[in-house]
Amino acid sequence: MNEDLRNVVLGVLATGVSGTLGWLVRSHLWRRKLRRKQAFFGLPHGSDCMLVVNREAGREGAVHRVDVFALLELSALIKDCGAHAQIVQHDLAHQGFGDRTEFCLGGPGSNQRMAAHLASLLPGVRVNAEREPREERSRFDIGTEQYPMEAGSVEYVILARLTAGEGGRPVFLFCGQRAIDNQAATRYLARHHEKLARKHGANGSFVLLLKVVNSEAYGPDVVELVADVTREARTAPVAVAAT
């Protein structure tokens, strides 16, 4: 074998080794990223999870059109983790938490499951479900702060990841003042889950208050983080003694 041919063979071998090493490194990084994602969502490969939704008013078994878009956002995340999802109506979800990951969408006025989660897991949060007076409809009270809704202009949504029960699987809450806000929260989670996992840990709990800006014009796309309200939301209000 002359020197030129030997150089060609060595070059081919070097290229092959380099390509293989590059593929192995990329594959390792991809698997590590996937494992972190699965840990954050509590969705190991082949596992099951539950999507809890309310019913559209006046239509038996129907889901609000905007909530369908929110479910699509979540379905993509679930599929990426290699897990399986079951959609359950809020009044048919009769089970505890911790055994499998749960994604619960909707305010407590239309979602019984959300109302139960707020009462059990977030005693510091109160959502005004009364329709009158109009200016106080759907107002959030978190700790000592109040967050009224200006429909189509300024709206709020609670995005929470909570762990409870023996199984340790998380419950994700998307509690918006309007249906469009639920979608905004699911989109925010899809975009920022890696950052949230780094900040709060794969098994950490958090409660975030998000503001949806001008949904009338921008839909669910413009979302701002107002505050991390974990401590306030998980602290029961102090009862005032009657005088």
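Bear in mind the structure is a predicted one, so any value in this text is a computation, not a measurement. (Residues numbered from 1 in each chain as written. Predicted model: local features only at pLDDT ≥ 70, side-chain atom pairs only at ≥ 80, totals over all residues. Heavy atoms only, no water.)

Structural notes on the confidence of the model for the protein
Formally: One confidence number per residue, pLDDT, is output by the predictor and ranges from 0 to 100. Runs of H or I in DSSP of at least four residues are treated as helices and runs of E of at least two as strands, each being numbered from the N terminus.
With 81% of its residues at a pLDDT of 70 or more, the protein shows a mean pLDDT of 85. Ranking the helices and strands of the protein by mean pLDDT puts strand β9 (residues 206–213) first, with 97, and helix α1 (residues 3–41) last, with 71.

Quick word on the sheet that holds strand β2 (residues 84–89)
We count it as follows: One bridge is not enough; two strands pair if DSSP finds at least two bridges between them. In this description, a line fitted to the C-alpha atoms serves as the axis of each element, helices being fitted only across the stretch in contact, and the angle between N-to-C directions of two axes falls anywhere from 0 to 180 degrees. A contact between two residues is defined here by any heavy atoms of the two lying within 4.5 Å.
Taken in spatial order, the seven strands make up an open sheet running β2-β1-β3-β8-β7-β9-β10, and their pairing is mixed. With partners counted over all chains shown, the strands left at the sheet margins are β2 and β10 (223–228), one partner each. Neighbour-to-neighbour, the strand axes of this sheet turn through a mean angle of 20 degrees, independent of strand direction. Pairing geometry for strand β7 (residues 154–163) and β9, over eight bridges, is antiparallel. Residue pairing in the sheet places Val-154 in a bridge with Val-213 of β9. Its contacts with the sheet place helix α3 (residues 112–121) against β1 (48–53), β3 (101–105), β7 and β8 (170–176), and it is angled at close to 110 degrees to β8.

Focus on a nonpolar patch on the surface
Definition in use: A residue counts toward a patch only above 30% relative accessible area and without a salt bridge, and it is joined to like-charged neighbours within 9 Å or, for Val, Leu, Ile, Met, Phe, Trp and Tyr, to nonpolar neighbours within 5 Å. Note on areas: Shrake-Rupley, 1.4 Å probe, and residue coverage restricted to the protein chains presented here. Every case where a carboxyl oxygen of Asp or Glu lies within 4 Å of a side-chain nitrogen of Lys or Arg is listed as a salt bridge. Relative accessibility thresholds used throughout: buried, under 20% of the residue-type maximum; exposed, over 50%; partly exposed, between the two (1.4 Å probe, protein chains only).
A grouping of Val-68, Phe-69 and Leu-72 is seen on the molecular surface, where their side chains present a nonpolar patch of about 250 Å² in accessible area. With respect to the helices, strands and loops of the structure, Phe-69 is situated in helix α2 (residues 65–80). The class for Phe-69 is partly exposed, based on a relative accessible area of 36%.

Observations concerning the packing of aromatic side chains
Quick reminder of the rule: Geometry of aromatic contacts follows a simple scheme: Phe, Tyr and Trp rings, the Trp one being its six-membered ring, pair when their centres are within 6.5 Å, and the pair is stacked under 30 degrees between planes, edge-to-face over 60, tilted otherwise. Should the NZ of a Lys or the CZ of an Arg lie within 6 Å of a ring centre and within 35 degrees of the ring normal, that charge is described as sitting over the ring.
Summed over the entire model, instances satisfying the criterion amount to seven aromatic pairs. An aromatic cluster is present here, built from Phe-40, Phe-41, Phe-103, Phe-172 and Phe-206 joined pairwise through their rings. Directly above the aromatic system of Phe-40 lies the positively charged group of Arg-161, at a separation of 5.1 Å from the ring centroid.

Remarks on the pairing of β9
Among the eight residues that make up β9, six are buried, leaving the element largely enclosed by the rest of the structure. Both β9 and β10 contribute to a ladder of five bridges, which runs antiparallel. Looking across to β10, one finds that Val-212 is bridged to Val-223.

Regarding the sheet that holds strand β5 (residues 140–142)
Strand order across the open sheet formed by three strands is β4-β5-β6, with antiparallel pairing between neighbours. Of all the strands in the sheet, just β4 (125–127) and β6 (145–147) have a single pairing partner and so form its edges. The sheet shows a mean angle of 15 degrees between the axes of neighbouring strands, direction not considered. Taken together, the three bridges between β4 and β5 define a ladder with antiparallel strand orientation. For Val-125, the partnering residue across the bridge sits in β5 and is Ile-142.

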